[in-house]
Amino acid sequence: FSTPRRQFIVADTPGHVQYTRNMATGASTADLAVILVDAGKGLLAQTRRHTHLVALMGITQVILAVNKLDLVDYDRSVYERIVEDYRELATAVGIDSVTPVPLSAVRGDNLTAPSPRTPWYEGPTLLGALEAAPTARTDGEGPLRLPVQWVNRPDSQFRGFSGQVLSGSVAPGD
């Protein structure tokens, strides 16, 4: 999708454990992750798993979308507890930037416009956070990121890995 400010490609990856492979594939080419947390449930095993995968893939920017605030009566303390717990997790795995956003997707709260139901929140909307996120490095800086798209194995003596270098550099012998 696109907005007047930017274009986006979204890889929606389910949180269920049987789809962990899909999460790794989606994250392998991402510059930013939106981690969705149910306000009524808080951080779950899938939140922790996805956060570890995001960090493993070299993603250092996360938008923490705390959704379903309508189900907890827009309780600021619930939101703040989830944000605090998530910041601890993010710090532990090396994620530098977390932008939390309180949401009620079903009611449209803080998706594209500030919500009067969260007068205590002064941060960006979800769309605003996406539009303000720094763009990807294109100068080869950062760690090597090469999502493997094909394993070339013409015989038992050779195995080659093919993919597009997204960041970093690689040279013969590496």
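Before reading on, note that the structure itself is shown above.
Student: Got a minute to help me understand unusual backbone geometry in this structure?
Tutor: Peptide bonds are mostly trans, and most non-glycine residues show a negative phi. Even without being a glycine, Tyr74 presents a positive backbone phi close to 55°. By the secondary structure assignment, Tyr74 is in the loop between β2 (61-67) and α3 (76-93). Positive phi, close to 60°, is recorded for Asn110, a residue that is not glycine. Residue placement: Asn110 occurs in the loop between β3 (97-102) and α4 (126-132).

Student: Just checking my understanding: could you explain the pairing of strand β1 (residues 33-38) for this structure?
Tutor: Remark: a regular strand shows side chains that alternate across the two faces of the sheet. Sheet analysis places β1 next to β2, joined by six bridges and oriented parallel. In the strand pairing of β2, Val37 is matched with Val66. Crossover β1 to β2 through helix α2 (residues 45-56) is right-handed.

Student: Would you explain the packing of α2 against α3 in this entry?
Tutor: Contact geometry of α2 with α3 gives a least axis separation of 10 Å together with a crossing angle of 35°. Every pair of crossing elements has a handedness; the one defined by α2 and α3 is right-handed. Only Tyr86, Leu89 and Val93 of α3 make contact with α2, whose side of the interface consists of Thr47, Arg48, Thr51, His52 and Ala55. By residue class, the composition of the contact of α2 with α3 is four nonpolar, three polar and one charged.

Student: Is there a simple way to think about the packing of aromatic side chains in this case?
Tutor: Describing an aromatic ring pair means giving the distance of the ring centres and the angle of the ring planes. One pass over the structure, following the stated rule, counts three aromatic pairs. Aromatic pair Phe1 and Phe8: ring centres 4.8 Å apart, planes at 20°, arrangement stacked. By the ring-pair criterion, three or more aromatic residues cluster together here, those being Tyr79, Trp120 and Tyr121.

Student: Before we go on, may I ask you to explain helix α1 (residues 20-27) in this structure?
Tutor: A turn of α-helix holds 3.6 residues, and therefore any two residues three or four places apart point the same way. Residues of α1 that are buried include every one of Met23, Gly26 and Ala27, and no others. For α1, the angular spread of buried residues about the axis comes to 90°, placing them on one side. Across α1 from its buried face, at more than 90 degrees, point the exposed residues Arg21 and Thr25. Residues of α1 that are buried make contact with α2.

Student: Looking at this model, I keep getting lost on the sheet that holds β2. Mind explaining?
Tutor: Hydrogen bonds between backbone atoms are what pair the strands of a sheet, whose relative direction is either parallel or antiparallel. Spatially, β1-β2-β3 is the arrangement adopted by the three strands of the open sheet, whose pairing is parallel. At either end of the open sheet lies a strand with only one pairing partner, and these are β1 and β3. The mean angle between the axes of side-by-side strands here comes to 20°, regardless of whether they run parallel or antiparallel. The strands that α2 touches are β1 and β2; relative to β1, the one it contacts most, it runs at about 170°.

Student: Can you help me understand the nonpolar core in this one?
Tutor: Inside soluble globular proteins, nonpolar side chains tend to come together where they are buried. Core analysis: the largest hydrophobic core is formed by 37 residues, its most contacted members being Val54, Leu64, Tyr86 and Ile95. Counting residues per element, this core draws most heavily on α3, which supplies eight residues. Once residues within four sequence positions are removed from consideration, Leu64 is found in contact with Ile35, Val37, Ile82, Val83, Tyr86, Val98, Thr99, Pro100 and Val101.

Rules behind the numbers
- Residues numbered from 1 in each chain as written.
- Predicted model: local features only at pLDDT ≥ 70, side-chain atom pairs only at ≥ 80, totals over all residues.
- Heavy atoms only, no water.
- Helix = DSSP H or I, 4+ residues; strand = E, 2+ residues; numbered from the N terminus.
- Pairing = 2+ DSSP bridges.
- Right-handed = clockwise from strand over helix to strand, strands pointing away.
- Axes fitted to C-alpha atoms, helices over the stretch in contact; angles between N-to-C directions.
- Left-handed = near helix turned anticlockwise from the far one by under 90°.
- Contact = heavy atoms within 4.5 Å.
- Nonpolar A, V, L, I, M, F, W, Y, C, P; charged D, E, K, R; others polar.
- Phe/Tyr/Trp six-rings, centres within 6.5 Å; stacked < 30°, edge-to-face > 60°.
- Buried < 20%, exposed > 50% of the residue type's maximum accessible area, 1.4 Å probe, protein only.
- Arc of directions from axis to C-beta.
- Core = buried A, V, L, I, M, F, W, Y, C linked by side-chain atoms within 4.5 Å.

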